[in-house]
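Notes for the structure review
Listed here are the chains, written in short residue letters.
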Amino acid sequence: MTPEELAEAIRTVLVAAAGDGSLNLPVEEVPLPKVERPRNRDHGDWATNVAMQLAKKAGTNPRALGELLAERLGAVDGIDSVEVAGPGFLNVRLSAGAAGELARTILEAGDSYGTNDSLVGSRVNLEYVSANPTGPVHLGGARWAAVGDSLARILSACGAAVTREYYFNDHGTQIDRFARSLLAAARHQETPEDGYGGAYIGEIAQTVTDDELAAGRPDPATLPDAEATEVFRARGVDLMFDSIKRELHEFHSDFDVFFHEDSLHESGAVAAAIDRLRERGMIMEKDGATWLRTTDFGDDKDRVLIKSDGDAAYFAADVAYYLDKRQRGADCAIYLLGADHHGYIGRMMAMCAAFGDEPGVNMQILIGQLVNLVKDGQPVRMSKRAGTIVTLEDLVEAVGVDAARYALTRSSMDSMIDIDLDLLASASNDNPVYYVKYAHARTRNVARNAAEHGVEREGSIAFDPAALDDPADSALLGVLAQYPALVAQAAQMREQHRVARYLEQLASAYHTWYAATRVTPRGDDPVNAGHVARLWLNDAVSQVLANGLGLLGVSAPERM
């Protein structure tokens, strides 16, 4: 019996009591109760405070209602006992058979165990990374690549239709600086004072030069400045962006849409968005400029959209981009932004409200904090290739994709994290990704050993869930049962780290269970129902670990 099934059983009892008059409450007001694992396992397998929630509304006291429910729940198949504790808590103990059925449920569900329909009908646009195409993905972008992709997987597992989107900043002064930096490198000149350095600039400049010469065109470095700059701008940005896409793909972070900022200006989307806001009475003209009245919605000052010289302000693209997302069907636009964007929240939410949308619902902004790399006890500050920053490529080169992704997703995104490269590269239980992946590899090794000893899930001895009668079995089943609710909670709260921390809890419970029980018989002892049942439980753990690691974009190894 899963906690969801137990909650339904409790609700059925409540509905029956309301229907026969034992509970003074309209049937339609009977909720689906919340069922939780008690902290002290001596209190039972599951607990609920539903009697305390409903007593006042039902015109009774919590303990009296609890005793009514306990008596009726005690007659439900699969429930061993129900105790009323304190002011009205219900502590429920399941029979071994009912609890053990969870192993069958997990294995029958397979990859779909943990998925749910809590977000079915929701269309989410999830934008993350969105680094300027002027250099490799830096460490902050790497965090967003891991977190954003994991959130997309989690939201999808809950039924949401998710569009993964990368906003390509190809409009503005940073592209001009990038092009001038490439030209300077091609001419073997010093990097411009406001330009970009690093070996990658020279690599791209050389590739542009080689491609132009191979196509029978002149060396772009010999062209007049304006013409040369345009060549390096057009080809250099494409090459840089291709490199970024390749890095992200190799990091298991792929996108459905690469949206070009420049298209907002070229298509007239900026003007159309301003017209929409003007129709809503949100635009004012002042000092020769066009302003959005964001102070009407709590911003600290109104924001310029079109400057007095006629050029669009940067915020104008944000306005047009949000409207474009909504017009493409997103009912929720989630932005994953770095810590340096914290000041943008007020104006962005005000803009959302100016369109008539609900901030925090139609627009959600998640702010991430910095990542620091540490090696040999010292901070890693510079990239070998980028020069001034540490990059995604540096992190992956040091520890691999799996360890990098896991390390970046296991902490709340609003907390600054230090990543110890020596720890992540180690094969020890102190390394969290190793600890979890080793647990999965151990489940597969147990399954192989079981087959060698004649212990089979589909053999002559049928699965008997009641044979899972050891306290260690019960403890492990209890952790497994929490996975579906955990996934739903992670999606609802936009907190991918909950999945990683759950996997560590499950790995710990599994290692404890492994030490306390046996899947294979000792010596020449015959295979019995306990061995078979524990193979089912072992394989159920394997399935949930693989499912959870999959949500984080991390592989589940067969061997380590």
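Residues numbered from 1 in each chain as written. Predicted model: local features only at pLDDT ≥ 70, side-chain atom pairs only at ≥ 80, totals over all residues. Heavy atoms only, no water.

Keep this limit in mind: UniProt positions are given in the numbering used here, feature names are shortened, and annotations may be inferred rather than shown by experiment.
Identification of the chain as Arginine--tRNA ligase from Actinomyces radicidentis is taken from an unreviewed UniProt entry. What UniProt states about the chain under its Sequence similarities (unreviewed entry) heading is, verbatim, "Belongs to the class-I aminoacyl-tRNA synthetase family." Regarding the chain, the UniProt comment filed under Catalytic activity (unreviewed entry) reads as follows: "tRNA(Arg) + L-arginine + ATP = L-arginyl-tRNA(Arg) + AMP + diphosphate".

**Topic: helix 6 (residues 173-186)**
Note the cut-off: Put simply, DSSP marks the helices as runs of H or I at least four residues long and the strands as runs of E at least two long, and each gets a number from the N terminus on. Each residue after the first adds 1.5 Å to the expected span of a helix. Residue exposure (1.4 Å probe, protein chains only): buried if accessible area is under 20% of the type maximum, exposed if over 50%, otherwise partly exposed. Contacts are assigned to residue pairs that have any heavy atoms within 4.5 Å of one another.
Over its 14 residues, helix 6 extends 20 Å from the first C-alpha to the last, a length consistent with the 20 Å expected when each residue adds 1.5 Å. Those residues of helix 6 that sit buried are Q174, I175, F178, A179, S181, L182, L183, A184 and A186. Residues of helix 6 that are buried sit in contact with helix 7 (199-214) and helix 8 (225-250). Of the residues one or two after helix 6, H188 is the one with positive phi, at around 60°.

**A look at the side chain of N362**
Put simply, the test is: We call two N or O atoms a polar contact when they sit within 3.5 Å, provided that within protein one can donate a hydrogen and the other can accept it, with sequence-adjacent residues counted only if both atoms are side-chain atoms.
Turning to its location among the elements, N362 is positioned in the loop between helix 12 (345-354) and strand 11 (363-368). With a relative accessible area of 13%, N362 lands in the buried category. Separated by 2.8 Å, the side chain of N362 and the backbone nitrogen of E358 make a polar contact. Here N362 is in contact with Y322, R326, D331, C332, A333, C352 and D357, once residues within four sequence places are set aside.

**Quick look at the layout of surface pockets**
Remark: the empty space left among the atoms is shown by a probe the size of a water molecule rolled over them. Short version of the rule: Within this scheme a cavity is a closed region of a 1 Å grid, computed over the protein atoms alone, that accommodates a 1.4 Å probe without allowing it to escape, whereas a pocket is open but has protein on both sides within 12 Å along at least five of seven lines; lining residues each have an atom within 4 Å of a point. Grid points are joined across faces, edges and corners, and a volume is the space filled by probe spheres set on the points. Just so you know the grouping, Ala, Val, Leu, Ile, Met, Phe, Trp, Tyr, Cys and Pro go in nonpolar, Asp, Glu, Lys and Arg go in charged, and all remaining residues, Gly too, go in polar. Note: domain ranges come from an automatic or database domain assignment.
Here the second largest pocket defines a volume of roughly 690 Å³. Lining the second largest pocket are 20 residues, and of these K34, V35, E36, A485 and L486 sit closest to its centre. Taken together, the residues of the lining of the second largest pocket sort by class into 10 nonpolar, three polar and seven charged. For the lining of the second largest pocket, the two domains that each supply at least three residues are domain 1 (3-94) and domain 2 (101-117 + 428-552).

**Description of helix 14 (residues 401-409)**
In terms of burial, helix 14 is a largely internal element, nine of the nine residues being buried. Buried within helix 14 we find V401, D402, A403, A404, R405, Y406, A407, L408 and T409.

**Side note on the environment of T222**
With respect to the helices, strands and loops of the structure, T222 is situated in the loop between helix 7 and helix 8. We classify T222 as exposed; its relative accessible area is 59%. Between the C-alpha atom of T222 and that of E247, which follows or precedes it by 25 residues, the distance is 32 Å.

**Digging into the UniProt feature "short sequence motif: 'HIGH' region" (unreviewed entry) in the chain**
Using the residue numbers shown here, the UniProt feature "short sequence motif: 'HIGH' region" (unreviewed entry) corresponds to residues 131-141. Each end of residues 131-141 is marked by a C-alpha atom, and these two atoms are 7 Å apart; helix forms 27% of the span and strand 0%.

**Thoughts on the pattern of salt bridges**
Definition in use: The term salt bridge refers to a side-chain nitrogen of Lys or Arg lying within 4 Å of a carboxyl oxygen of Asp or Glu.
Applying the stated criterion across every chain yields a total of 31 salt bridges. Across the pair D194 and R180 runs a salt bridge, and its minimum N-O distance is 3.0 Å. Residue D194 is found in the loop between helix 6 and helix 7, and its partner R180 is found in helix 6; the two are separated by 14 residues along the sequence. What makes R180 partly exposed here is its relative accessible area of 34%.

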